[in-house]
Amino acid sequence: MKLTVVGCSGSFPSAESACSSYLVEADGFRLLLDMGNGALGELQRHCGLYDLDAIFLSHLHADHCIDMCAYFVARYYRHDGGRCDPIPVYGPEGTEHRLTTAYADTPTASSMSEVFDFHTVKPSTFEVGPFTVHTERVAHPVEAYGIRVEHGGKSLTYSGDTGTTPALDELARDTDLFLCEAAFTHGKEDIPDLHLNGREAGETAARAGARRLVLTHIPPWTDPQANLTDARAVFDGPVELAAPRVSYDI
Ligand SMILES: [Zn+2]
Ligand SMILES: [Zn+2]
């Protein structure tokens, strides 16, 4: 399984990175986790516009899904005059309506479903191509999911956006790579059920027994080095900061 960071900026894009988007590949299958602001442009560095096989949206905050509107244009109004077949899109309840509204209901209220095959995510286990996927509700002001992707005896766990929650500890149990958000700064922002700070991400990784921790979703106004230091203080395994265009073999 190969993970590539397409975009990792938290909440809004930075000069260096698009918002949340992660490409997971195995056996020639491409699963994209989230498609935040700017992700569609960056994605084209890594694969063709029509090379995705499935998309998972952790939640419907714009920094995780808004480039789906741009991707709709690319699939619906193809340059060659054709229209792409629908690909599976896994998202929370109301994903189709939300994206359709964001795109201003044109050309019709059902146009999105002509190029996207929407599936409503619940806490569950299901197959996506060659992957076995587990989803869990996490602690965020809107319905939000963390996801564990398994393939060939290895696993990747992505937190999505969340505060501290036992559900995430379980989802990341013994995972090989834990891609965990760390949007807040320890000692500075303390709002429950919204985001983790670096220390909490490290503590979650330690409780879960994760083998490797990659901190992501750090907003441009947050000091990433402080979060890295805070995570390393409480987690013994390798910790690093996510960066665009970096890949991991899992
Ligand atoms: Zn976010
Ligand atoms: Zn969010």
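You'll find the structure just up there.
Residues numbered from 1 in each chain as written. Chains lettered and ligands numbered in written order. Predicted model: local features only at pLDDT ≥ 70, side-chain atom pairs only at ≥ 80, totals over all residues. Heavy atoms only, no water.

### Let's talk about the packing of aromatic side chains
The condition that has to hold: To pair, rings of Phe, Tyr and Trp, with the six-membered ring standing in for Trp, must have centres within 6.5 Å; the planes then decide the type, stacked if under 30 degrees apart, edge-to-face if over 60, and tilted in the middle. Numbering of helices and strands runs from the N terminus, with a helix taken as a DSSP run of H or I at least four residues long and a strand as a DSSP run of E at least two residues long. Exposure is judged per residue with a 1.4 Å probe applied to protein chains only, and the accessible area is read against the type maximum: over 50% gives exposed, under 20% gives buried, and values in between give partly exposed. Whether a charge lies above a ring is judged from NZ of Lys or CZ of Arg, which has to be within 6 Å of the ring centre and within 35 degrees of the ring normal.
Scanning the entire structure with this criterion turns up ten aromatic pairs. Ring geometry for Phe29 against Phe131: centres 6.0 Å apart, planes inclined by 75°, an arrangement best described as edge-to-face. With Phe29 in strand S3 (residues 29-33) and Phe131 in strand S8 (residues 131-137), the pair connects residues that are 102 residues apart, well separated along the chain. For Phe29, a relative accessible area of 17% corresponds to the buried category. Residue class for Phe131 comes out buried when judged on its relative accessible area of 0%. Here Phe72 and Tyr77 contribute two aromatic rings whose centre-to-centre distance is 6.4 Å and whose plane-to-plane angle is 80°, an arrangement assigned as edge-to-face. Here Phe72 falls in the buried class, since its relative accessible area comes to 1%. One aromatic cluster is present, formed by Phe72, Tyr76, Tyr77 and Tyr103 through successive ring pairs. Positioned over the ring face of Tyr50 is Arg78, at 4.2 Å from the centre of the ring. Sitting above the plane of the Tyr76 ring, Arg83 keeps its charged end 3.7 Å from the centroid.

### Considerations on the sheet that holds S8
Filter applied, for reference: A pair of strands is labelled paired if DSSP reports no fewer than 2 bridges between them. For helices, the fitted axis covers only the stretch in contact; all axes are lines through C-alpha atoms, and the angles between them, taken along N-to-C directions, range from 0 to 180 degrees.
Strand order in the open sheet formed by seven strands is S7-S8-S9-S10-S11-S12-S13, with mixed pairing between adjacent strands. Single-partner strands in this sheet number two, and they are strand S7 (124-128) and strand S13 (239-241). Between one strand axis and the next, the sheet turns through 20° on average, direction left out of account. Pairing geometry for strand S9 (residues 145-151) and strand S10 (residues 154-158), over five bridges, is antiparallel.

### What about the pairing of S8?
Bridge count for S7 against S8 is five bridges, and the pairing is antiparallel. Looking at the pairing, Val128 lines up with Phe131 of S8. As consecutive antiparallel partners, S7 and S8 are separated by two residues, and within that stretch Gly129 has a phi angle of approximately 55°, a positive value.

### Topic: the pattern of salt bridges
It is possible for side chains bearing opposite charge to pair when their charged atoms get close. Our working definition: We define a salt bridge as a side-chain nitrogen of Lys or Arg found within 4 Å of a carboxyl oxygen belonging to Asp or Glu.
Under the defined criterion, the tally for this structure stands at 13 salt bridges. Here Arg30 and Glu25 are joined by a salt bridge, their closest N and O atoms 3.2 Å apart. When its relative accessible area of 18% is taken as the criterion, Glu25 is described as buried. A salt bridge links Arg199 to Glu203; the shortest N-O distance between them is 3.2 Å.

Nothing here speaks to function; it is geometry throughout.
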